[in-house]
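The primary structure of each chain is shown beneath.
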Amino acid sequence: MAKASSIPVWRQIGATPAPTAPQESLETLIVGGGPVGLTLALDLARRGRQVTVLNKLDFIAAGSKAICFAKRTLDIWDRMGVGETMVDKGVVWNVGKVFWGEGDEPVYQFDMLPVKDQKMPGFINIQQYHVEERLYETLKTMPNVDIRWGHEVTAVEQDGETVRVAVSAEGTSYVIETGWLLACDGCRSPIRDMLGLDFEGRVFEDNFLIADIKLKEERPAERWFWFDPPFNPGQSALLHKQPDDVWRLDFQLGWNIDREACIRPENVEPFVRGLLGPDAEFREEWYSVYTFQCRRMARFVHDRVVFVGDSAHLVSPFGARGCNGGIADVDNLVWKLDLVLDGGAPASLIETYNHEAVVTADENILNSTRSTDFMTPKTRVSRAFRDAVLELAADHAFARPFVNSGRLSTAVSYPDSPLSTPDEEGAHWSGIAPGSPALDAPVDGNWLLERLGDRFTLLAQGWEGEVPEGVALIDAATIDSTGLIAQRYDLQSGSAYLIRPDQYVAARWRRPDAAAVAAALARAKGQN
């Protein structure tokens, strides 16, 4: 790997020339070319929008970043046409195992895909640079996408209707005026700083060593986590398999450490050999130290500047909720912004992104905080509780849900979303509630989520009425040969669901009519 300054380079792209005009006007502007910014660009571009992305670096960075991508993210990418290429490159896994002390057998294991017969797996491991490269290659083929590498934002100001962005590129400066600035510029977001905004939350007093190594060894494609292992007594460790014979090893270090000394090869090697065995043959890919943080902005929407991903919220790596949470932000935002730009919804619809994305961030922060507190007990009482849970979990099923080695990322529901229509009074359901994500199922020839697409859809069982303009109809009675759709959605004869473009349930009825569907559609668009 080559290096530019202190950042390792995975793929050199080269700086994009600055535009010749000193000023230009754009409908939207994305700042940040990581997985979140590029996914946002892809989603907008697929909807026919002109897309411009500014990225400070002129290369795709390597190094130790996100590797675990959850089913919900894979479903989102699949809807955008890149899910299968991610899965093909990634290491698929559904099983996680938790070990304690010197025991060779796990005290607990779990399945990240408890509901089978779905297109996408529970998780894949794939290095962030592979994700970015695949998104970039797709975006390169789209004539309505302009990615500007090596273009740095130096100032931002707005007047309520327009955002003025000063940009520096190759020694020259220019200005972009845009209706919407979408800030995907990471946890140290310069845009957040330029607007005088900040994170709120907690930094945990602990440090962790990431050792990404090259290792040719046959091990199961599973997540293995250790509490108090003999090779790191009193601490924790984690093992993940990645593509290209790269393995992610993670070791808890404690608080008062010499960060520079901890990543010296001679100090990393004893940890690696302790986990893998004294004869393991490996070589360094990337070593780094990180500190847990669980923080977010108070609000993600500030007039015409919208914060997405790590620029808005930050969680600890355990649980894989960081980048997955950012992709969820994209999924929530883009269909709303597209409607607003088309004039099909008021600008106030973007405020519901703030509501729902904050719910997601708070859920992720809550789980991440609980995971961290369980993994890194700071008092004698909390350590005694943790050890008691681990001891009980080996033989008693009731204790296993309390074992918390990082509650892994799952889709978050919005039970109080202003876009959801409450169930009819007296209706009884065992299916998927409004504000929750749709569940996949096999249908004749493909999958339900593929059929739903990224539009408003009425999923019904024997629908005979009219359907509002702009809503697609899927009659489960004609495609549900396995009966799994009816089972998973509790679709009795005459029942129906209204599904949002991000495949969240907006409403459901036992005996709907066209007027009820139209009212729910208007509510889901923020029109009432």
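The rules behind the values
- Residues numbered from 1 in each chain as written.
- Predicted model: local features only at pLDDT ≥ 70, side-chain atom pairs only at ≥ 80, totals over all residues.
- Heavy atoms only, no water.
- Helix = DSSP H or I, 4+ residues; strand = E, 2+ residues; numbered from the N terminus.
- Contact = heavy atoms within 4.5 Å.
- Salt bridge = Lys/Arg side-chain N within 4 Å of Asp/Glu carboxyl O.
- Buried < 20%, exposed > 50% of the residue type's maximum accessible area, 1.4 Å probe, protein only.
- Expected span 1.5 Å × (residues − 1).
- Arc of directions from axis to C-beta.
- Pairing = 2+ DSSP bridges.
- Axes fitted to C-alpha atoms, helices over the stretch in contact; angles between N-to-C directions.
- Parallel < 35°, antiparallel > 145°, perpendicular 65-115°, else oblique.
- Left-handed = near helix turned anticlockwise from the far one by under 90°.
- Nonpolar A, V, L, I, M, F, W, Y, C, P; charged D, E, K, R; others polar.

Peer 1: Please set out the side chain of Asp329 residue by residue, giving values where relevant.
Peer 2: Relative to the assigned elements, Asp329 resides in helix α8 (residues 322–342). Discounting chain neighbours no more than four positions away, the residues touching Asp329 are Val308, Gly309, His313, Tyr353 and Ala357.

Peer 1: A description of the pattern of salt bridges should follow, citing residues and the corresponding values.
Peer 2: Applying the stated rule across the entire model yields 38 salt bridges. Note that Arg49 and Glu27 form a salt bridge whose closest N and O atoms lie 3.3 Å from each other. Separated by 22 residues along the polypeptide, Arg49 in the loop between α1 (35–46) and β4 (51–55) and Glu27 in strand β3 (residues 23–31) bring together distant segments of the chain. We classify Arg49 as buried; its relative accessible area is 10%. Look at the salt bridges and you will find they share partners, linking Arg11, Glu133, Glu137 and Lys140 into a network.

Peer 1: Give me helix α9 (residues 349–375): which residues, what numbers.
Peer 2: Spanning 27 residues, α9 covers 39 Å between terminal C-alpha atoms, matching the ideal 39 Å at 1.5 Å per step. With 19 of 27 residues buried, α9 is to be regarded as a mostly interior element.

Peer 1: Pulling in residues and values, what's your account of unusual backbone geometry?
Peer 2: Not every positive phi belongs to a glycine, and Glu170 is a case in point at roughly 50°. Here Glu170 shows up in the loop between β13 (163–169) and β14 (172–183). Residue classification places Glu170 among the exposed positions, given a relative accessible area of 55%. The phi dihedral of Asp490 falls on the positive side, at around 50°, and the residue is not glycine. Residue placement: Asp490 occurs in the loop between α12 (484–489) and β27 (496–499).

Peer 1: Give a detailed account of helix α7 (residues 265–276), specifying residues and quantitative values.
Peer 2: Across its 12 residues, α7 extends 16 Å between first and last C-alpha, which sits within 8% of the 16 Å expected from 1.5 Å per residue. Of the positions making up α7, those classed as buried are Val268, Phe271, Val272, Leu275 and Leu276. Projection of α7 onto a plane perpendicular to its axis shows the buried side chains occupying an angular sector of 115°, all on one side. In α7, the exposed positions that point more than 90 degrees away from the buried face belong to Glu266 and Pro270. Positive backbone phi, approximately 115°, marks Gly277, located one or two places after α7.

Peer 1: Quick rundown of the sheet that holds strand β26 (residues 471–475)? Include the residues and the values.
Peer 2: Strand order across the open sheet formed by four strands is β26-β25-β27-β28, with mixed pairing between neighbours. Since the sheet does not close on itself, it has two edges, and those belong to β26 and β28 (505–509), each with one partner. When the angles between neighbouring strand axes are averaged without regard to direction, this sheet yields 20°. Running at roughly 160° to β28, helix α13 (residues 514–524) makes contact with β25 (456–460), β26, β27 and β28 of the sheet.

Peer 1: Tell me about the packing of helix α2 (residues 71–79) against α8, residues and numbers included.
Peer 2: Where α2 contacts α8, the two axes come as close as 9 Å, and the packing angle between them is 40°. Comparing their axes, α8 and α2 come out oblique. Every pair of crossing elements has a handedness; the one defined by α2 and α8 is left-handed. Touching Arg72, Thr73, Ile76, Trp77 and Arg79 of α2 are Asn324, Ile327, Ala328 and Asp331, all from α8. Looking at the contact of α2 with α8 residue by residue, the class counts come to four nonpolar, two polar and three charged.

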